[in-house]
Structure formats: C-alpha cells, structure tokens
Amino acid sequence: MLGVEDWAEIRRLHRAEGVPIKEIARRLGVARNTVRSALESDRPPEYRRVPRGSVADAFEPQIRFLLQRFPRMPATVIAERIDWPYSMTPLKLKVAAIRPEYQGIDPADRVSYRPGEVAQCDLWFPEPLIPVAPGQQRVLPVLVMTLGFSRLLLAEMIPSRQGGDILSGMWSLIRQIGRSPRTLVWDREAAIGGTGRVTAPAAAFAGTLASRIRLAPPRDPEFKGMVERANGYLETSFLPGREFSSPEDFNAQLAEWLPRANARTVRSIRGRPVDLLEADYLGMLPLPPVAPATGLSLRVRLARDYYVRVDSNDYSVDPRVIGRFVEVTASPAEVLVRCDGSVVARHRRSWAKQQLLTDPAHREIAQQLRRGFAEQRQNRNAPARQHADGHPVEIRALPDYDALFGVDFDPSTKEAANP
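What comes next concerns the included structure. These figures come from a predicted structure and were not determined experimentally.

So, how was this worked out
- Residues numbered from 1 in each chain as written.
- Predicted model: local features only at pLDDT ≥ 70, side-chain atom pairs only at ≥ 80, totals over all residues.
- Heavy atoms only, no water.
- Helix = DSSP H or I, 4+ residues; strand = E, 2+ residues; numbered from the N terminus.
- Rg over C-alpha atoms; globule rule 2.2 N^0.38 Å.
- Contact = heavy atoms within 4.5 Å.
- Areas by Shrake-Rupley, 256 points an atom, 1.4 Å probe, with all protein chains shown as cover.
- Salt bridge = Lys/Arg side-chain N within 4 Å of Asp/Glu carboxyl O.
- Buried < 20%, exposed > 50% of the residue type's maximum accessible area, 1.4 Å probe, protein only.
- Expected span 1.5 Å × (residues − 1).
- Phe/Tyr/Trp six-rings, centres within 6.5 Å; stacked < 30°, edge-to-face > 60°.
- Lys NZ or Arg CZ within 6 Å of the ring centre and 35° of its normal.
- Axes fitted to C-alpha atoms, helices over the stretch in contact; angles between N-to-C directions.
- Parallel < 35°, antiparallel > 145°, perpendicular 65-115°, else oblique.
- Left-handed = near helix turned anticlockwise from the far one by under 90°.
- Nonpolar A, V, L, I, M, F, W, Y, C, P; charged D, E, K, R; others polar.
- Pairing = 2+ DSSP bridges.

Observations concerning the overall build of the protein
Within the protein, the secondary structure is distributed over 15 helices and 18 strands. The C-alpha radius of gyration computed for the protein amounts to 42 Å, which surpasses the reference 22 Å derived for 419 residues by more than 25%, pointing to a less compact arrangement than a globule. Dimensions of the protein, computed from C-alpha atoms along their principal axes, come out at roughly 170 × 60 × 40 Å. By sequence separation, contacts in the protein at least 24 residues apart represent 59% of the contacts at least 6 residues apart. Of the roughly 26200 Å² of accessible surface on the protein, 51% is carried by carbon and sulfur atoms.

Shown next as structure tokens:
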C-alpha cells in the first residue's frame, strides 16, 4: 500500500515540478498505475481492515429476540439466557450496538439560562452519622441549591425533610444571596410536590417571593442535572477526611468550604461562579418586605402533662395555660409556643429523636399548681355545718361529748377503774 509520504511526493513532483509519470514511477520504485491513482485521489491513502466478524454474530437472532421483549436487559442476563460460551467482551459489544434499535435514543439538550432565571434545589443525604444527642446519631438532609446562570453553589444542613424545615432552609439560602431566583426547580419531593402538584405551603412560600416552583418530570434526574452534579461534587470534594461533632459543626465547616468551591473554574460556563454572581444577582427578584411562612407549625389544646410534640420531641409549656389552645412554631433553631399572642414557652430545638425537653421554670410552676389544687380539694372536702342564719357552726369531736356527759364507752377503761 502506498504510504502518505509517497502520495505527497508523487503529487509534488508531478504538479509542482512537472515530472512525468514514468519518471516518478522510476524514482519511487512504484508502478505507473499507482502514480496515476495517487494523482487522481484528493485524500491521502488510508488503511482499512476488512471486518472479520465476531463470535457473537451467530447469536444475534437470539439477542434481538430478548431485546425486543426486554430492551433494558443487561448483557450478563442475556448471556445466561442464550448460554453464552465465550468471554463477555464480544457479547457486550454486540448488545451495545443492537440495543439502541429497541430501546430508542434519548438525546440530552444543552440548556442555557438567563441571569437570575432559575435555581435548582435538591436534598442530599451525606453518609456520615451526625451526633445530635448523647448516644444518638442521625443521617440528616442537606438542602443544596445551584444557580442556573452563575452555577453558584449553596448548601445547608436542616433538621428533617418535612415541608416546614425545607422551606426554612430555602429561605436561609435565599437570604444569603440577597435576592430571589425567578424559578425554583424541584423534583417530586414529598413535602414540595410529591403528588405532581406543588403543596400549599410551598406555593405560599413561592407566592410571597413572587417566584414560582417548577416540578421536574417523574424519574427524570437529568431535568435538574446541575444540582445533581453539585451533590456529587459535595460527596467527593467536601466530605472526604472530615469529621463532625454536631449539625452546627457540619454547617460551620460547609460555610467555610463553599467560598473556595465557588471560586473554582466551572468548565461548562468557562468561568468562576463568584465572577458571574453579580449578573445573576441583578437578574433576580428583590426580597419581599415580609418574610414568607417557614418552619413547622401546629395548633393544639394543651393537655394536663403541659407538653407539645414537635418532630417526635416533647417540649414543656407553661402549665398555667393547660386546657387552652396554643400555637406552636418551630424553626431549625428554636421552638416557640404562644397562647393568645403571649409567649408561653421557648426552647432550643433538638435535632434528635424521642427527647423530653423541660424548662425548670415550667416544672416549678406545675408543682405550685399541684399544691394549690391539693389545698383546694382538701378545703372543698372538709366537713362543715351552717346555722339557720347561714353562719358556720363548729363541729365538735365525739369524745368531747362523752367527757361532757361523763360517758365512757371504752371497756378497757372501766376494768382499769374497778380492779
């Protein structure tokens, strides 16, 4: 086969120097027809090997039959079904070449976003167990948010995946930016839109911000691929080599690391998130004058044990409002209880489970109320008589009357007097 160097030399000699074909053939030691073919070809010669076929060709009908019924069947399972006798590499190559005919092709478009247009949100569950109470550790969710234009990464650990806690985390991250994205993209997270429709608290949150929440199609993680990649980046670049003593310690280390992460160059945008943040910021919406409703909330009638339950933990309340309705609100940091607008309990929120948190002042008030109640019951049950005119009459003990009339009904006394 004629090499590329000879092909180039033939064309140079004939076209640049005018050397005849016969002379070129003599100089290079090739046939004149080879010289003519080189002059007629506009491209350098290429070596193409004739395909020899594969050991999997004989099994192609069986492979196609299985893929027609089960397009996603793994090659290892196909090997079992067809009694594949060779190594797996030829079979995998054959299956990879045939599968698109039955499974179909799902191309992924590249999407560009305008400044301030969108932020993708997701919950990331890091594997390390976080100490939340003596002898208790938990896997806690981390709310991750990525801005579509600048790729700025924000994240914060939250107490639970309940709707109120997620909204609290979103509000905390949005306040860090100082403005609100026009669209917040979520998957079918149960507390945000598990039924395919945005929940009422989430819709109220977005309405207060004048933005909207857009739900991703079911089973389509690529719809919010930016935040999914951010989760992987946190998994591989933030977690390794770190230990955490509490949720506060986790968030402190995360807050210290995020500025360095946002100063890296992102290949997809050919820039650094911190450099593009200003343009993203100007395209966002200003924050509302009134903060949106976030956190957990409930309204219950306070029972005799003067405790309210928030996320499986029991918090004490002023016992003086037993039997009345109280409004309970819980942020990631604090549990607040009000009755008729007055604060009747304030606790630091526990991120543990099945905890009993008691304010010593509430316990002291409960003891005072119990003593007062016991005295009232004793006074209420004490015997009393009233005269006809209504004034109370003292009740004398029966032995007083015996002594007054000189009567003794005790036999032992009589025997002692008459031995």
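Having seen it, we continue.
Topic: the pattern of salt bridges
All chains considered together, the criterion is met by 24 salt bridges. A salt bridge links Glu189 to Arg161, with the nearest nitrogen and oxygen atoms 3.0 Å apart. Residue Glu189 is located in the loop between β7 (183–186) and α8 (190–193), and its partner Arg161 is located in the loop between β5 (153–157) and α7 (163–177); the two are separated by 28 residues in the primary sequence. Residue Arg161 is classed as partly exposed on the basis of its relative accessible area, which comes to 43%. Each of Asp57, Glu60, Arg64, Lys94 and Glu101 takes part in one network of salt bridges that share partners.

Points about the environment of Leu296
With respect to the helices and strands, Leu296 occurs in strand β10 (residues 296–301). As a C-alpha pair, Leu296 and Val335 span 39 residues in sequence and 9.0 Å in three-dimensional space. Filtering out sequence-adjacent residues up to four positions away, Leu296 remains in contact with Gln162, Gly164, Asp165, Val310, Asp311, Val328, Thr329, Ala330 and Arg349.

Details of helix α11 (residues 247–261)
Across its 15 residues, α11 extends 20 Å between first and last C-alpha, which sits within 8% of the 21 Å expected from 1.5 Å per residue. For α11, the complete set of buried residues consists of Pro247, Phe250, Gln253, Leu254, Trp257, Leu258 and Ala261. Where α11 is buried, its residues touch β1 (118–124), β2 (130–133), β4 (142–147), β5 and α10 (225–238).

Brief notes about the packing of aromatic side chains
Counting across every chain of the model gives eight aromatic pairs. For the pair Phe59 and Trp84, a centre-to-centre distance of 5.0 Å together with 65° between the ring planes defines the contact as edge-to-face. Of this pair, Phe59 sits in the loop between α3 (32–40) and α4 (60–69) while Trp84 sits in the loop between α5 (75–81) and α6 (88–103), placing them 25 residues apart in sequence. Trp84 gets classed as buried once you look at its relative accessible area, which sits at 10%. The ring of Tyr233 has Arg264 lying over it, and the distance from NZ or CZ to the ring centre is 4.2 Å. The side chain of Arg299 reaches across the aromatic face of Phe325, ending 4.2 Å from its centre.

Describing the packing of α4 against α6
Taken N-terminus to C-terminus, the directions of α4 and α6 make an angle of 45°; their axes are 10 Å apart at the nearest point. Judged on the interaxial angle alone, α6 and α4 are oblique. Crossing angle aside, the handedness with which α4 passes α6 is right-handed. For the pair α4 and α6, contact is made by Glu60, Ile63, Arg64, Leu67 and Gln68 and by Leu91, Lys94, Val95, Ile98, Arg99, Glu101 and Tyr102, respectively. Of the residues assigned to the contact of α4 with α6, the class counts are six nonpolar, one polar and five charged.

A look at the packing of helix α2 (residues 21–28) against α3
Between α2 and α3, the least distance of the axes is 9 Å, while the angle of their chain directions is 110°. Taken as axis vectors, α2 and α3 run roughly perpendicular relative to one another. For the element pair α2 and α3, the recorded crossing hand is right-handed. Residues Ile21, Lys22, Ile24 and Ala25 of α2 form the contact with α3, whose own contacting residues are Arg32, Val35, Arg36 and Leu39. Residues of the contact of α2 with α3, tallied by class, amount to five nonpolar, no polar and three charged.

Quick look at the sheet that holds strand β11 (residues 307–310)
An order of β11-β12-β16 is seen for the three strands of this open sheet, with the pairing classed as mixed. Edge strands, defined here as strands with exactly one partner in the open sheet, are β11 and β16 (356–357).

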